[in-house]
Amino acid sequence: MIEINNVTKDYKKGRGNFNIDLKVYEGEALGIVGENGAGKTTLLRQLMGYVKSDKGNIFILGLDAYKDSAKTKKYIGYIPGEINFPDVKTGIIFLHNYGDSLGMKKEDYAYAEEIISRMQLDVRAYPKRMSKGMKQKTAIVAALMLKADILIMDEPTIGLDPLMREEFLKLVLEQKERGATIIYTSNTVNELERTCDRVVLLTKGKIASSVKVDDVINRPYRDYKIEFNNNGDYKLFLRNKMQIIRMQDKYNQVSIRIKKNDVPILMKSLTRYDVKFISEIKYDLNSYFEEVRKGSEENERND
Amino acid sequence: MKEMTNGLTLPKNFDETKVTETKRNRLFSRALFKESFESSKRGLFIVSAGNSIIIMIIILILSTLHVNATSSALKDLFSNADMETTIKESAISLYSGFSNLDNAYHSYYDGSNALETTLKKAIDEVEDTTLTSSISTVQTLYDLTYRFSSGTEIEKTYKAKNVAMVTVRNNIDSDDSMNEEEKEFAINVISNYFDIYAEDKSQSVENILLVAIPNTLVSMIDDDYQLSEDNLNALSSYIYNAFNEVYEEDKNSDNVSIEYTFKLLPLLADSNSEALINQITNSLMEAYLLDSEAYINDENIKKTIIINKAASYIVDVVSETAFYKYLPNFIVDYQTSVLGYPITYVWTGEYDENGNEYYDEKEIYYYRPELFIKVQGDMGTVSTILEKKHKEILTGECYSEEEIEQAKLDSLSDIETFKEKLDSFALTISDTPKEDEEISDFASNIVIEEIQNEVINRFNEKNNTNITDISQITAENYSMSGETIMNVARGYVASGIACYKALYKEYLESGLSQSDALEAASINGSKGVIDQLPGKVGENLSEMGDMNIYGIVVGYIAFGLAVLLIPMVYTILSAKSLVSEKVETGSLSFTLSTPTTRRSFIFTEAVFLIFEEIFMAVTILITSILSFLIGILMGSEDLLISLPIHDILLYVLGNFAVTLAISGICFLSSCIFNKTNKAIGIGGGINIAFFIFSILGLFGTNAIPGTVRISLMGIFNYETIFTLFDPLAVMDNNLGVFFFKLMFLFIITIITYYVGSKIFEKKDLPL
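Residues numbered from 1 in each chain as written. Chains lettered and ligands numbered in written order. Predicted model: local features only at pLDDT ≥ 70, side-chain atom pairs only at ≥ 80, totals over all residues.

Some thoughts on the overall build of chain B
The secondary structure content of chain B amounts to 27 helices and six strands. In chain B, which comprises 767 residues, the proportion classed as buried is 38%. (Helix = DSSP H or I, 4+ residues; strand = E, 2+ residues; numbered from the N terminus. Buried ≥ 20, exposed ≤ 12 C-beta atoms within 10 Å, placed from the backbone.)

Some remarks on the overall build of chain A
Tallying secondary structure elements over chain A gives eleven helices and 14 strands in all. For chain A, buried positions account for 40% of its 303 residues. A sequence separation of at least 24 residues applies to 68% of the contacts in chain A between residues at least 6 apart. (Contact = placed C-beta atoms within 7 Å.)

A closer look at the sheet that holds strand E12 (residues 243–248) of chain A
Residues and elements named next belong to chain A. Spatially, four strands are ordered E12-E13-E11-E14 in an open sheet, and the strand pairing comes out antiparallel. Two strands close off the open sheet at either side, each with one partner strand: E12 and strand E14 (275–281). The sheet shows a mean angle of 20° between the axes of neighbouring strands, direction not considered. Both strand E11 (residues 221–228) and E14 contribute to a ladder of six bridges, which runs antiparallel. (Pairing = 2+ DSSP bridges. Axes fitted to C-alpha atoms, helices over the stretch in contact; angles between N-to-C directions.)

What to know about unusual backbone geometry
Residue and element names in this part refer to chain A. Positive phi outside glycine occurs at leucine 61, with the angle close to 50°. The residue leucine 61 is located in the loop between strand E4 (55–60) and strand E5 (63–64) in this model. Within the chain, lysine 147 stands out as a residue other than glycine whose phi angle is a positive 55°. Mapping lysine 147 onto the fold places it in the loop between helix H5 (132–144) and strand E7 (150–154).

Some remarks on the interface of chain B and chain A
Every contact between the two is made by 30 residues of chain B and, on the other side, 34 residues of chain A. Mapped onto the side of chain B that touches chain A, the elements with two or more residues apiece are strand E2 (9–10), helix H1 (16–24), helix H2 (30–63) and helix H21 (588–592) of chain B. Residue composition of the side of chain B that touches chain A, by class: twelve nonpolar, 14 polar and four charged. (Nonpolar A, V, L, I, M, F, W, Y, C, P; charged D, E, K, R; others polar.)

Considering the packing of H2(B) against helix H20 (residues 549–585) of chain B
Residues and elements named next belong to chain B. Interhelical geometry of H2 versus H20 gives an angle of 170° and a closest axis separation of 11 Å. As summarised for this structure, H2 and H20 are arranged roughly antiparallel, according to the angle between their axes. For the pair H2 and H20, contact is made by Ser36, Ser40, Gly43, Val47, Gly50, Asn51, Ile54, Ile55, Ile58, Ile59 and Leu62 and by Tyr550, Val553, Val554, Ala558, Ala562, Val563, Ile566, Pro567, Tyr570, Ser574 and Leu578, respectively. In terms of residue class, the contact of H2 with H20 is made up of 16 nonpolar, six polar and no charged. (Parallel < 35°, antiparallel > 145°, perpendicular 65-115°, else oblique.)

A short note on the confidence of the model for chain B
Residues and elements named next belong to chain B. Averaged over all residues, the pLDDT of chain B is 86; the fraction at 70 or higher stands at 92%. Confidence drops under pLDDT 50 across residues 1–14; counting only partners more than four residues distant or on other chains, this segment forms 26 contacts. Here residues 16–24 scores under 50 on pLDDT; set against residues more than four positions off or in separate chains, the count is seven contacts. Interface scoring of the predicted complex returns ipTM 0.85; its pTM is 0.60. (pLDDT = per-residue confidence, 0-100.)

A short note on the nonpolar core
Ranked by size, the top nonpolar core spans 149 residues in total, and within it Val141(A), Ile152(A), Val554(B) and Leu745(B) carry the most contacts. Looking at this core, the element that brings in the most residues is H20(B), giving 16 residues. Among residues more than four places away in sequence, those in contact with Leu745(B) are Ala657(B), Val658(B), Leu660(B), Ala661(B), Ile721(B), Leu724(B) and Phe725(B). Among the nonpolar cores identified, the runner-up in size contains 91 residues, and Leu115(B), Ile258(B), Ile306(B) and Val493(B) belong to it. (Core = buried A, V, L, I, M, F, W, Y, C linked by C-beta atoms within 7 Å.)

Overview of the sheet that holds E5(A)
In any sheet, the strands associate via hydrogen bonds between backbone groups, in a parallel or an antiparallel arrangement. All names here are of chain A. Spatial strand order, E2-E1-E4-E5: four strands in an open sheet with antiparallel pairing. With partners counted over all chains shown, the strands left at the sheet margins are strand E2 (15–24) and E5, one partner each. Here E4 pairs with E5 via two bridges, running antiparallel. Each bridged residue has a counterpart across the sheet, and for isoleucine 60 the counterpart in E5 is leucine 63. Helix H1 (residues 40–48) contacts strand E1 (2–12), E2 and E4 of the sheet and is inclined by roughly 60° relative to E2.

Describing the environment of Arg246(A)
Residue and element names in this part refer to chain A. Relative to the helices and strands, arginine 246 resides in strand E12. Residue classification places arginine 246 among the exposed positions, given that 11 C-beta atoms sit within 10 Å. For the pair arginine 246 and lysine 225, spaced 21 residues apart in sequence, the C-alpha separation works out to 8.8 Å.

Describing the packing of helix H24 (residues 645–672) of chain B against helix H25 (residues 676–698) of chain B
When two helices pack together, their arrangement is captured by the angle between the axes and the distance separating the axes. Residue and element names in this part refer to chain B. Running from N to C, H24 and H25 cross one another at 160°; their axes reach a closest spacing of 8 Å. Here H25 runs roughly antiparallel to H24, going by the angle between their axes. Considering how the two elements wind past one another, H24 and H25 form a crossing that is right-handed. On H25, the residues touching Ile662, Ile665, Cys666, Leu668, Ser669 and Ser670 of H24 are Ala679, Ile682, Gly683, Gly684, Ile686 and Asn687. The residue makeup of the contact of H24 with H25, split by class, is seven nonpolar, five polar and no charged. (Left-handed = near helix turned anticlockwise from the far one by under 90°.)

Points about the pairing of strand E13 (residues 253–259) of chain A
Residues and elements named next belong to chain A. As judged from the seven bridges shared by E11 and E13, these two strands associate in the antiparallel manner. Across the sheet, glutamate 227 pairs through a bridge with glutamine 253, a residue of E13. When E12 meets E13, the two strands line up antiparallel, connected through five bridges. Bridging from a neighbouring strand, methionine 247 pairs with valine 254 of E13.

Some points on the environment of Phe656(B)
Residue and element names in this part refer to chain B. Considering the arrangement of structural elements, one finds phenylalanine 656 in helix H24. On the basis of neighbour count, phenylalanine 656 is assigned to the buried category, with 22 C-beta atoms found within 10 Å. Sequence-distant contacts of phenylalanine 656, that is, excluding residues within four places in its chain, are made with Glu613 and Ala617.

Quick look at the environment of Phe740(B)
Along the polypeptide, Phe740(B) turns up in helix H27 (residues 735–762). Each C-alpha atom of the pair Phe740(B) and Leu724(B) lies 8.8 Å from the other, and the pair is 16 residues apart in sequence.

Now the structure itself:
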């Protein structure tokens, strides 16, 4: 559906993105995460044809994203990172003008109305004077109402209150369900974890990691932190064969990793020790990328 | 699901026709245009209304003025100044022509008659028995005195001649039939006679007289005319021949005296009259040779020939320089002499009483401008005829052959008129020379009569009447009453002639030749008051008279500046809002996230910007025409004359072309820069600089009268495109220049819009 072939846009001084190679398949939701200035927005601009790549090319539905930019837009719903509307009187006028230019008919606006209602958007407001959240909601409606085949969203939840953020995530999942291909950048990994199939970590303009969300969340092992009431039990426990992640002798604390199937065995064996507490160390995308970042920082230090 | 050539799959609802439709999309996007219009319409209406109010106020204010009356009064001043010079020139040329003709006639006629008579009388005196017998008597006394005197031969001869001459003087003095001249001549002849007789006493009285009389004649003429050696020799030879022809060849003394007068007169002429005397003498000689009897018997033949020849000579002299009047003028920035030569000062090597070096004024007869004495303050004067004659010396350039030919053609009618007047004066020439006053009146009357006819004709033409009497012209129906006009004209005539006479006398006394003095006095005597002003002062006053205040205020001030400023500021902001602001704020991302191409976007924005300029121009056009019509209804005649409707149309067109070019520059800047402050700073800055330059340059344009013009400020006009709208070309009806300059504004517009669009299509958009 979307093919990004070895794309580079060099803004100099390390800014931009470099040799990005990525494919997004039909119906796939791709999350892009990265620090500020990592190249997320640049990549979206390249996808939208606003910026010409120095190298490589991008195809969307087989069309060149830069040269045939206008042709691709019929199939793209886009939420820009910086939202400002043209100078029109009300939000609804903007949405109508926008829909008209996308070729929407009157009957196509039913879904728009549904989203407006769900996002609690006051469409009578003057777009130039809307709050950040209102602007964001209006942009979300504009992008989603077309039921486009492709959704490109640049940090779409900024400015939304928690309730609206939840509602938005539901909407995204609905889009995904109906088969939309989604590209979603965010610094809130949790959002990506809930909505995306795959998440790409961009660091300094390069893909540092690409991982399927399922692979992270449904991994085959578990991590636990155990603290013993006395040092004897603590030392006795350490004699077992297991993968130790971290030890804190001072507090008689140890973190271990075991296979998912071995959890009952662990629990049974712990009855023999004087255990103060046991807790599972939760593992999510954040943790995953934290590890990746640490790993790459260590690599850089070693280099 | 469709399979793409590159292996990717297309969505189920992928509609190729939509893609093709997008491809076919017209450049112009009505939705975008509508959106731009909706957001700009209030500003556009306010600016257009503001501009309309300004132009309406300006035109209505102008319609309450009567500037043309002032301008026309100033023009009249110059027209009067021209008239003054023309009247004076005409009066002086007639007066001097008549005076010279009368003088020439009497000098020649009287002079030739006197010479002829003297010659004949001298010849006849040889045979005069009274003279011969009285000489014989005195000769006896001379012989007796010589015989009885003692001393040397010389002493005896001296005593004898003294005694004889005392007797001769007594006899001649008591002879009442002779006048003083004849008495002197007779005494001289007899004195000469005894000198010859003393040498050879054997000759007869007649033979001695045949030598003594010519000798006496020659020496008397020489005393009067101070002849050159060549002329004296020729004179002696002619007079001896005349006597010989009568006495040896037995010719008629009447004929001989006439024929030899023809030969003698040219010898007696001075350099001023030589040419005229030669011409008259030759004509008279021809007439005499043709029929000598008729010539002798009919005195009118001689008179007519002299008058005609003198008149035609005067016409020739006038014709020689008349065309200089019609050659193009130039400004003379050097001090010149009365004859039009540039002046320099040369140290004589002497010192005055204060020990300062004493300088002598010298005329320069060759072209060396570094030696000329500059006119103070660089305020030259318009060249006089005399200065035109010396153009090459003054400027280093000659008049072209074409200019000279044309001037000669132009002067033909003047010469013809002058000739007619001279001929009519010739008819009044009588035996008695005219009094100066009589000649002056004759010339004045002719000029005054002509002026009167001219004034009546002009009045009739202007008022479509048919009056014949100057008194019918009054201060109420004309600018001045006929009587006042004629009084002014009489004043000009009298002062012109008086001035000429005074100058002529002064120039002769200063050592100028008669012809130079005459020429210089004619030219300088005819100068009017305005003519005597320094060139630049006259030029400036004249420009003020010609100034079209309506054109300057409406063309330059209103359309060139006032109603340009608000649209310019509006256009700077509008161009920024239409492109760079949409990029900077990111609102363009919504537009470009639809199938609208960049080209379509930028084309539509360009069309909208141009539409705004057209809208403002149309509004201002309608308002201007309405204001004009209101002005006319308010009774302003000046508007119709000085601000005709087609001028207004051209001013609006020029103003429109400038605003288009402004919009082009702003559009280009807005397309180049993503930041609005840069787009405004550069695009607006350039236009504001142009605007300021055109304000400054206005003080250097030719439309501003010289009195307030600062020519150097004109340099700013070359640094702004605003001056490609040239209201002066409209005022001068020079439409070729107007449209030629305007064309560049349209070219600038096309280039800036095209380049701006192309840059926008290619550049990266930070959306």
